[in-house]
Amino acid sequence: MLTILIADDQREEREGIEFLIHELGFVLHIGTAENGRKALEYLEQNPVDILFTDVRMPIMDGLQLTTEALNRNPKLKVILFSGFAEFEYAKTAISLGVSEYLLKPINVEAFRNTMQKVIAQLTDQEQENIASQIKLEYVKKHVLFNLVNGLGIPPSMKEISFELPNHYHGMLLLEFDKNFFENAGPEFEEFILSLLEDPVDYVNLNGCQSLLLFPRLPAGSPCSFRDLGTFLHDSILDKYKVHCYLAINDEFTMLQDLSAALIQLDQLMEYRFFSPDYFVFEVKKDFYFSNDRLPGLSDCDLLDHIRNNLKERDIFSLRANTDLLYQKYANQAQFSQLYVKYMFSSLYQEIMTYSAPLSEIELSHGIEKIYKSEELKEIKEIIMAGITLLDQEYNSSEFLNRDIAAVKQYIEDHYGEDLSLDLLAAKIHLSPHYLSSIFKKNTGCGLNKYIKNVRMNIAKDMLQQTHLKVSDICYTVGFQNVSYFCQNFRDFFGQTPEKFRQYNQK
């Protein structure tokens, strides 16, 4: 609601103007002041849109008040009224930037027209401000999307002021199963931001991931990023009935380091594969699991998992499960050293069997080093070195490149269909987690991001080269929600599909 301040030293005049405002149906919040000094105090303490002031007042007249008021708020609309029709007053009012000038006694029709004109100007100004702010938000989201994906600020946008901080105090990566955001729609952003006390920058990354960037440390309660992550998970579960996984980086991050920080969060998020009942992960150390979070698996169970990892060429899972086995015995003096060394030497032998064939001498040398190790961490280093050799062999193999090429081709041929990780992994007979890991490692791009890139670029070509409706293009490239498609296109290219077509159609 707009606010008007009526300043006049005559109570009857103030009440008369207030009566007219109500009588003519103007919906305004009304403040009053008996002189210019009182009016100025009111303006300093309250937001005011319209100042309606008499010229002749004691202590501070209307012209002095207008000068002071406009110095404080140049957008303020000022209506002067006076019983003196001298031309000098009108000239002075115009030079000060007064919006309107009325004569006493007030003519009802002139008052109505003046108020309608000023209110219309304020309404138009507010709509322009909103439109400008929305445009800046579009630009800001597009720039952030580029920064977190390692693309830098587009040259055309470097001169635009959109108030990006030069660093962030923390980042939260939110991840869901499947295409959660397409079903949740743009309303999810409003919901998640409503849970936070301070302003936060939000970036949608793909159909199942989004990013929260904190220009300041979280305020109030919850007071830590870990507490905040738990709070967000519980709030999302309560509203949407789905689990959200959150990876947290509470370190100071410069703008140019956002892409590297997101890669670190992505890697950390992969641990959810091994701990499906745990939802908040923090960037604290190389391996996330600690003794109190280990699943209740026996040695046989863990070794079976490791054997499956070897068969599926899942190096990430192999490393993580091996680390789980190590964590189980770290700092546990009650176990027999001989048993632990025997178990890890057997594991080493299985791992090396899957790599390039070793001679009996080389294999015996590795096992001997394990038995001679004085600390468990030395054994772990030997095992991890063997896994690294295996990883290097897999990465250099031709069949690995063929697998990735086959996935890319399938995506490009079936971009309009459901492209889940499970489906793509089944096409080349690999585990979903391993496919996700090798695809990102070998292309530098996650599967979800690659699929989104393909769909967005095809949508761009359709907008340029066809007259299909935006909704038809949305469904053709595999989106089911038009508003979500438009939001993604805007974040990706910095323009809505309609604007892009308007300026780029061939």
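Residues numbered from 1 in each chain as written. Predicted model: local features only at pLDDT ≥ 70, side-chain atom pairs only at ≥ 80, totals over all residues. Heavy atoms only, no water.

## Some remarks on the pairing of strand β3 (residues 50-54)
Now for step 1: For β3, a buried count of five out of five residues is recorded, marking the element as mostly surrounded by other parts of the structure.
Now for step 2: Of the two faces of β3, the one carrying Ile50, Phe52 and Asp54 and the one carrying Leu51 and Thr53 are both buried.
Now for step 3: Two strands pair when backbone bridges link them, and strand β1 (residues 3-7) and β3 are joined in this way by four bridges, in the parallel orientation. Bridged to Ala7 within β3 is Thr53. (Buried < 20%, exposed > 50% of the residue type's maximum accessible area, 1.4 Å probe, protein only. Helix = DSSP H or I, 4+ residues; strand = E, 2+ residues; numbered from the N terminus. Pairing = 2+ DSSP bridges.)

## A few points about the UniProt feature "modified residue: 4-aspartylphosphate" (unreviewed entry) in the protein chain
Now for step 1: The feature "modified residue: 4-aspartylphosphate" (unreviewed entry), as annotated in UniProt, sits at Asp54 in this numbering.
Now for step 2: Here Asp54 shows up in strand β3.
Now for step 3: According to the relative accessible area criterion, Asp54 is buried, its value standing at 3%.
Now for step 4: Filtering out sequence-adjacent residues up to four positions away, Asp54 remains in contact with Ala7, Asp8, Asp9, Gly62, Phe81, Ser82 and Lys104. (UniProt positions renumbered as here; feature names shortened; annotations may be inferred. Contact = heavy atoms within 4.5 Å.)

## Points about the nonpolar core
Now for step 1: Within the largest apolar cluster, 112 residues are counted, with the highest numbers of intra-cluster contacts made by Leu174, Phe188, Leu211, Leu212, Phe344 and Phe485.
Now for step 2: In terms of residues, this core owes the most to one element, helix α18 (residues 447-465), which gives nine residues.
Now for step 3: With near-sequence residues (within four places) excluded, Leu212 lies in contact with Gly170, Met171, Leu172, Leu174, Ile192, Leu193, Leu196, Val200, Asp201, Tyr202 and Leu232.
Now for step 4: In this structure, Leu40, Leu63, Leu70 and Val78 belong to the second largest nonpolar core, which totals 20 residues. (Core = buried A, V, L, I, M, F, W, Y, C linked by side-chain atoms within 4.5 Å.)

## Description of the confidence of the model for the protein chain
Now for step 1: Per-residue confidence for the protein chain gives a mean pLDDT of 84; residues scoring 70 or more make up 87%.
Now for step 2: Element-level pLDDT for the protein chain is lowest in helix α4 (residues 87-96), with a mean of 67, against a maximum mean of 96 in β1.
Now for step 3: Contacts from residues 285-293, a stretch scored under 50 in pLDDT, to residues over four places away or in other chains number 27 contacts. (pLDDT = per-residue confidence, 0-100.)

## Notes on the sheet that holds strand β4 (residues 77-82)
Now for step 1: Strands sit in the order β2-β1-β3-β4-β5 across an open sheet of five strands; the sheet is parallel. This sheet does not close on itself; its edge strands, each paired only once, are β2 (29-33) and β5 (100-103). For this sheet the average axis-to-axis angle between neighbouring strands, irrespective of direction, equals 20 degrees.
Now for step 2: Packed onto the sheet, helix α1 (residues 11-23) meets β1, β2, β3 and β4 and runs at close to 170 degrees relative to β2.
Now for step 3: This element, helix α2 (residues 36-45), spans β1, β2 and β3 of the sheet and lies at about 165 degrees to β1. (Axes fitted to C-alpha atoms, helices over the stretch in contact; angles between N-to-C directions.)

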